[in-house]
Amino acid sequence: QVAAEMIARDGGDAVTVRQIAAEVGASTTFITKYFSDKTDLLLLAYKYSSTTAVTRFEKRIADKPGDVISSLVSLTAIDEETRAGWRVHIAFWDKAVRDPVLSGELRYWIEYARKSIEAAIKAGYGPGGDIGGAAQQAIALIHGISIQLLFDPLSWSRERIHEALARQIEMILGRGPSS
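Residues numbered from 1 in each chain as written. Predicted model: local features only at pLDDT ≥ 70, side-chain atom pairs only at ≥ 80, totals over all residues. Heavy atoms only, no water.

## Some remarks on the overall build of the chain
On a plain count of helices and strands, the chain comes out with nine helices and zero strands. What you see in the chain, going N to C, is helices and strands ordered as α-α-α-α-α-α-α-α-α. On C-alpha atoms alone, the chain measures out to a radius of gyration of 18 Å, which is about the 16 Å that the 2.2 N^0.38 rule sets for 179 residues. Counting only residues that meet the buried cut, the chain has 40% of its 179 residues in that class. Long-range contacts, defined here as pairs at least 24 residues apart, represent 65% of the contacts in the chain between residues at least 6 apart. Here the chain has roughly 9,600 Å² of accessible surface; of this, 56% comes from carbon and sulfur atoms. Once the 21 positive and 22 negative side-chain charges of the chain are each reduced to a mean point, those two points are 1 Å apart. (Helix = DSSP H or I, 4+ residues; strand = E, 2+ residues; numbered from the N terminus. Rg over C-alpha atoms; globule rule 2.2 N^0.38 Å. Buried < 20%, exposed > 50% of the residue type's maximum accessible area, 1.4 Å probe, protein only. Contact = heavy atoms within 4.5 Å. Areas by Shrake-Rupley, 256 points an atom, 1.4 Å probe, with all protein chains shown as cover. Lys, Arg positive; Asp, Glu negative; His and termini not counted. Charge placed at Lys NZ, Arg CZ, Asp CG, Glu CD.)

This is the structure in structure tokens:
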């Protein structure tokens, strides 16, 4: 969590093992006992950030199963908390492009999110149609909107994100949510 917070605040390249150790009041030896290098810390920060986002989404779906779109909006960089998570994701993605182990972790989390989103869409819209395609398109839209929000937090309102996601899913499925 501390590594994720520091990466979100300072950037992945700016954070060192020494700084993380100082932040938690430990020695670098203590940190390196559990993490072989900075890449291990980045990986853990990414896992923490991804787990936080997916848990938030799944909790919203469990609380309001019919409100798929609002739950999807919670995955975007819509507020400062979610933007912090997205800054960790971007730092991780930068390294994952060149590292097959990190790339595998990224694929794992995208697949996990896709399955979770598919289940939510199926529950909210009913079976039938290209649910897998709708989930994949939703992920792409969430990624694109979130990147824009990192640079310009006012570029997308919650309502506009909601509308874009609903329109895309309904277009792919050829129908609106079940009642």
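## Details of the layout of surface pockets
Estimated volume of the largest pocket: approximately 490 Å³. Ser49, Ser50, Ala53, Gly85 and His89 are, among the 29 residues lining the largest pocket, the residues nearest its centre. Broken down by secondary-structure element, the contributors of at least two residues to the lining of the largest pocket are α1 (2–10), α4 (38–63), α6 (80–96), α7 (100–125) and α8 (131–151). Split by residue class, the lining of the largest pocket holds 18 nonpolar, eight polar and three charged. Around the second largest pocket, the lining is made up of 13 residues, and of these Gln1, Ala3, Phe35, Leu41 and Leu44 lie nearest the centre. (1 Å grid on protein atoms, 1.4 Å probe; cavity = no way out; pocket = protein on both sides within 12 Å on 5 of 7 lines; lining within 4 Å. Points joined across faces, edges and corners; volume = space filled by probe spheres on them. Nonpolar A, V, L, I, M, F, W, Y, C, P; charged D, E, K, R; others polar.)

## With respect to the packing of α6 against α8
Their axes nearest at 10 Å, the elements α6 and α8 cross at an angle of 105 degrees. Taken as axis vectors, α6 and α8 run roughly perpendicular relative to one another. Contacts from Arg83, Trp86, Arg87, Ile90 and Trp93 in α6 reach Ile142, His143, Ser146, Ile147, Leu149 and Leu150 in α8. Split into classes, the residues belonging to the contact of α6 with α8 amount to seven nonpolar, two polar and two charged. (Axes fitted to C-alpha atoms, helices over the stretch in contact; angles between N-to-C directions. Parallel < 35°, antiparallel > 145°, perpendicular 65-115°, else oblique.)

## Quick notes on the pattern of salt bridges
For the structure on display, the rule yields ten salt bridges. Across the pair Arg83 and Glu80 runs a salt bridge whose closest N-O atoms are separated by 3.7 Å. Placement of the pair is Arg83 and Glu80 together in helix α6, with a separation of three residues, close to one helical turn. Residue Arg87 pairs with Glu80 through a salt bridge whose shortest N-O separation is 2.6 Å. (Salt bridge = Lys/Arg side-chain N within 4 Å of Asp/Glu carboxyl O.)

## Quick look at the nonpolar core
Grouped together as the largest cluster of nonpolar side chains are 55 residues, with contacts concentrated most on Leu72, Phe92, Ile117, Ile121 and Ile169. Secondary-structure elements contributing two or more residues to this core are α1, α2 (17–24), α4, α5 (68–73), α6, α7, α8 and α9 (158–173). For this core, the element with the highest residue contribution is α4, accounting for nine residues. Setting aside residues no more than four positions away along its own chain, Phe92 makes contact with Leu42, Leu43, Tyr46, Leu102, Glu105 and Leu106. (Core = buried A, V, L, I, M, F, W, Y, C linked by side-chain atoms within 4.5 Å.)

## Side note on α4
Between the first and last C-alpha of α4 there are 37 Å, a value that for 26 residues agrees with the 38 Å anticipated at 1.5 Å per step. Within α4, burial applies to Leu41, Leu42, Leu43, Ala45, Tyr46, Ser49, Ser50, Ala53, Val54, Phe57 and Ile61. Looking at the buried side of α4, the elements it contacts are α1, α2, α3 (28–34), α5, α6 and α7. (Expected span 1.5 Å × (residues − 1).)

## Points about the environment of Ile121
Structurally, the position occupied by Ile121 is in helix α7. Each C-alpha atom of the pair Ile121 and Pro65 lies 9.3 Å from the other, and the pair is 56 residues apart in sequence. Once residues lying within four places of it in the same chain are set aside, the contact partners of Ile121 are Val68, Gly126, Ile131, Ala134, Ala135, Ile169 and Leu173.

## Re the packing of aromatic side chains
Scanning the entire structure with this criterion turns up five aromatic pairs. Relative to Phe92, the ring of Tyr46 lies with its centre 3.8 Å away and its plane at 5 degrees, an arrangement referred to as stacked. Linking Tyr46 in helix α4 with Phe92 in helix α6, this pair joins segments that are 46 residues apart in sequence. With respect to class, Tyr46 is no different from Phe92; both count as buried. Summarising the aromatic geometry, the rings of Tyr108 and Trp109 are spaced 5.3 Å apart at their centres and angled 85 degrees between planes, so their arrangement reads as edge-to-face. Given the relative accessible area of 12%, Trp109 is considered buried. (Phe/Tyr/Trp six-rings, centres within 6.5 Å; stacked < 30°, edge-to-face > 60°.)

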